[in-house]
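What the coordinates show
Chain residues, written in single-letter form:
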Amino acid sequence: MNGIIGGPESGAAELLDHYGISNDDLGRVKSFGETLVQNWDDIVSSWYDWLRTHPEFDQFFPDQEMVEHVQKRQLPFWRRYFQGDVDDDYVEQRRHLGGVHARIGLPLATYLMGQNQWLELFSNRLVEAGHAQDTLEKTMRAMTRLLMLDTSVVVEAYTQINTETMAEQTRSLMEMSTPVTQIW
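Everything numeric in this text was worked out from a predicted model, so none of it was measured.

Parameters at a glance
Residues numbered from 1 in each chain as written. Predicted model: local features only at pLDDT ≥ 70, side-chain atom pairs only at ≥ 80, totals over all residues. Heavy atoms only, no water. Helix = DSSP H or I, 4+ residues; strand = E, 2+ residues; numbered from the N terminus. Buried < 20%, exposed > 50% of the residue type's maximum accessible area, 1.4 Å probe, protein only. Contact = heavy atoms within 4.5 Å. Areas by Shrake-Rupley, 256 points an atom, 1.4 Å probe, with all protein chains shown as cover. pLDDT = per-residue confidence, 0-100. Core = buried A, V, L, I, M, F, W, Y, C linked by side-chain atoms within 4.5 Å. Salt bridge = Lys/Arg side-chain N within 4 Å of Asp/Glu carboxyl O. Phe/Tyr/Trp six-rings, centres within 6.5 Å; stacked < 30°, edge-to-face > 60°. Lys NZ or Arg CZ within 6 Å of the ring centre and 35° of its normal.

**As for the overall build of the protein**
Regarding its fold elements, the protein presents eight helices and zero strands. When its helices and strands are written in sequence order, the protein yields α-α-α-α-α-α-α-α. Counting only residues that meet the buried cut, the protein has 39% of its 184 residues in that class. Within the protein, counting contacts between residues at least 6 apart in sequence, those at least 24 apart form 75% of the total. On the protein, roughly 11100 Å² of surface is accessible, and the fraction owed to carbon and sulfur atoms is 54%.

**Description of the confidence of the model for the protein**
Averaged over every residue, the pLDDT of the protein is 86; the share at 70 or more is 89%. The least confident element of the protein, judged by mean pLDDT, is helix α8 (residues 133–177) at 85; the most confident is helix α1 (residues 12–18) at 95.

**Considering the nonpolar core**
Core analysis: the largest hydrophobic core is formed by 45 residues, its most contacted members being W78, Y81, F82, W118, F122 and M143. The set of elements that each furnish at least two residues to this core consists of α1, α2 (23–36), α3 (40–51), α4 (56–60), α5 (64–81), α6 (88–103), α7 (108–128) and α8. For this core, the element with the most residues is α8, which contributes ten residues. Each residue touching Y81, except ones within four places of it in the same chain, is listed here: V29, Y90, R94, M143, L146, L147 and D150.

**Considering the environment of M148**
Looking at the secondary structure, you find M148 in helix α8. Along the backbone, M148 and Q115 are 33 residues apart, and their C-alpha atoms lie at a distance of 9.2 Å.

**Quick notes on the pattern of salt bridges**
Going through the model one piece at a time under the given rule, you end up with eight salt bridges. Notably, a salt bridge pairs D87 with R80, separated by 2.7 Å at the nearest N-O pair. We classify D87 as partly exposed; its relative accessible area is 28%. R80 gets classed as buried once you look at its relative accessible area, which sits at 12%. In this structure, K138 and D134 form a salt bridge, with 3.4 Å as the shortest nitrogen-oxygen distance. Here K138 and its partner D134 are both found in helix α8, four residues apart, which amounts to about one turn of the helix. Among the residues examined, K138 registers a relative accessible area of 31% and is labelled partly exposed. Judged by relative accessible area, D134 falls into the partly exposed class, the value being 45%. Overlapping salt bridges bring together R80, D87 and D89 as one network.

**What to know about the packing of aromatic side chains**
Taken as a whole and judged by the stated rule, the model has 17 aromatic pairs. Considering the side-chain rings of Y48 and F61, the 5.9 Å spacing of their centres and the 80° angle between planes classify their relative orientation as edge-to-face. Here F61 lies in the loop between α4 and α5 and Y48 lies in helix α3, a separation of 13 residues in the sequence. Across the pair, F61 and Y48 agree in class, each one buried. For the pair F57 and F61, a centre-to-centre distance of 5.1 Å together with 25° between the ring planes defines the contact as stacked. For the pair formed by F57 and F61, the shared burial category is buried. Its end group placed over the ring of Y90, R94 keeps NZ or CZ at 4.0 Å from the ring centre.

Listed below in structure tokens is the structure:
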């Protein structure tokens, strides 16, 4: 183990423990997710309405076809989140997502703002559902913990990709700047 919480070798059990996510938390996320399914299209539309207000939208979504493609990819991502079943495959999918976002050059700040907006949308839906205060608070904490776990895994993947890229660039620069002298 590399000793870094959420590091590239951390498994689901370790991450769940570090983020204090219990089976009860996962059950709350799953239960709430079952109520979101009927409103999913509205939630996604709200998120894209928000995203359209940011300059990155035009950069990463040059046409409607790209928007639709990404929207279709988000549904399985969030379905998996709201299944309340975090295993090593789940963690690996999140790492893969982080790698994809890093490779396309999405600024990490933009990713984090997007996650914050998703949490805001989910929180609003939870409040609108009219749960008792105790249930509302526990479900909010459970969703936030799981989203923080997800986000940490994605950020770690960003960091790893960026570190590898910088190391490769440094190697290339060193090779270009090192004079080659023939020895007779």
